[in-house]
Amino acid sequence: MRLLACFLIGGLFGAGLAISGMMNPAKVIGFLDLAGDWDPTLAVVMAAALAISAAGYAVQRRRARPLLAGAFRIPPAGVVDARLVAGAVLFGVGWGIAGFCPGPAIAALSTGRWDVALFVVSMAAGMGGFSLMRKGT
């Protein structure tokens, strides 16, 4: 049952990314280009995501546990350190340069484009390199 739920939720997420244009790097870069030819349409997508997230947190507060897991795993509030800020900056710079972030990039693999595959392989290599570096410290 849990696997089916994951499949359905992942499919819904991917469909939302495709419909919203988040899988199109040109659209994303147009949204991030505030000084040039700005495309505000992704602001609606982000507002909708925030509304759905807020609704999810409201439902979570009323439940003892999730439907398909033993406990909720909610990140602690108010923990902002140098590592989080550095990660956010790197994420933003990468998003601005490539026009992809992890979710839309993985969903865009379905397009069969070589540049998307190269981005995902590079992203995975960076994550793997970070994990190896972290284990060494």
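Throughout what follows, the structure given in this document is the object of discussion. For clarity, every value in this text was computed on a predicted model and none was experimentally measured. (Residues numbered from 1 in each chain as written. Predicted model: local features only at pLDDT ≥ 70, side-chain atom pairs only at ≥ 80, totals over all residues. Heavy atoms only, no water.)

What about the overall build of the protein chain?
Of regular secondary structure, the protein chain possesses 6 helices and 0 strands. Taken along its principal axes, the extent of the C-alpha atoms in the protein chain is 45 × 40 × 30 Å. Restricting to contacts in the protein chain with at least 6 residues of sequence separation, those with at least 24 account for 40%. Here the protein chain contributes 11 positive and 5 negative side-chain charges, whose respective centroids are spaced 24 Å apart. (Helix = DSSP H or I, 4+ residues; strand = E, 2+ residues; numbered from the N terminus. Contact = heavy atoms within 4.5 Å. Lys, Arg positive; Asp, Glu negative; His and termini not counted. Charge placed at Lys NZ, Arg CZ, Asp CG, Glu CD.)

Things to note about helix α4 (residues 82-98)
For α4, which comprises 17 residues, the first-to-last C-alpha distance of 24 Å matches the rise-based estimate of 24 Å (1.5 Å per residue) to within 8%. The positive-phi residue at the C-terminal boundary of α4 is Gly99, with phi of around 80°. (Expected span 1.5 Å × (residues − 1).)

A closer look at the packing of aromatic side chains
For the coordinates displayed, the defined rule picks out 3 aromatic pairs. Here the aromatic rings of Phe91 and Trp95 are separated by 6.3 Å at their centres, their planes lie at 35°, and the arrangement is tilted. Highlighted residues: Phe91 and Trp95, both in helix α4, separated by 4 residues, approximately one helical turn. The exposure class assigned to Trp95 is buried, which follows from its relative accessible area of 12%. (Phe/Tyr/Trp six-rings, centres within 6.5 Å; stacked < 30°, edge-to-face > 60°. Buried < 20%, exposed > 50% of the residue type's maximum accessible area, 1.4 Å probe, protein only.)

So, the environment of Leu50
Considering the arrangement of structural elements, one finds Leu50 in helix α3 (residues 41-62). Here the alpha-carbon distance between Leu50 and Gly11, two residues 39 residues apart in the chain, equals 19 Å.

Here we look at the side chain of Ser20
Checked against the element boundaries, Ser20 lands in helix α1 (residues 2-20). Reaching out from Ser20, the side chain makes a polar contact with the backbone oxygen of Gly16 at a distance of 2.9 Å. Within the structure, the side chain of Ser20 is placed 3.1 Å from the backbone oxygen of Leu17, a separation counted as a polar contact. Not counting residues within four places of it along the chain, the set of residues in contact with Ser20 comprises Lys27, Leu42 and Val45. (Polar contact = N/O pair within 3.5 Å; in protein donor to acceptor, adjacent residues only side chain to side chain.)

Some points on a nonpolar patch on the surface
Nonpolar side chains collect at one region of the surface, where Met1, Leu4, Phe7, Leu8, Leu67 and Leu68 lie side by side and expose about 740 Å² of accessible area between them. With respect to the helices and strands, the residue Leu4 is situated in helix α1. (Patch = residues over 30% accessible without salt bridge, like charges linked within 9 Å, V, L, I, M, F, W, Y side chains within 5 Å. Areas by Shrake-Rupley, 256 points an atom, 1.4 Å probe, with all protein chains shown as cover. Salt bridge = Lys/Arg side-chain N within 4 Å of Asp/Glu carboxyl O.)

Re the pattern of salt bridges
In the structure shown here, the tally under the stated rule is 2 salt bridges. The salt bridge partner of Lys27 is Asp39, with a shortest N-O separation of 3.2 Å. Taken together, the positions of Lys27 in helix α2 (residues 25-32) and Asp39 in the loop between α2 and α3 put the pair 12 residues apart, joining distant regions of the chain. A salt bridge links Asp115 to Arg113, with the nearest nitrogen and oxygen atoms 2.7 Å apart.

Some thoughts on the packing of α2 against α3
Where α2 contacts α3, the axes come no closer than 8 Å and their chain directions differ by 90°. One way to sum up the angle between α2 and α3 is to call them roughly perpendicular. Across the interface between the two elements, Lys27, Val28 and Phe31 from α2 touch Thr41, Leu42, Ala43 and Met46 from α3. Looking at side-chain class alone, the contact of α2 with α3 contains 5 nonpolar, 1 polar and 1 charged residues. (Axes fitted to C-alpha atoms, helices over the stretch in contact; angles between N-to-C directions. Parallel < 35°, antiparallel > 145°, perpendicular 65-115°, else oblique. Nonpolar A, V, L, I, M, F, W, Y, C, P; charged D, E, K, R; others polar.)

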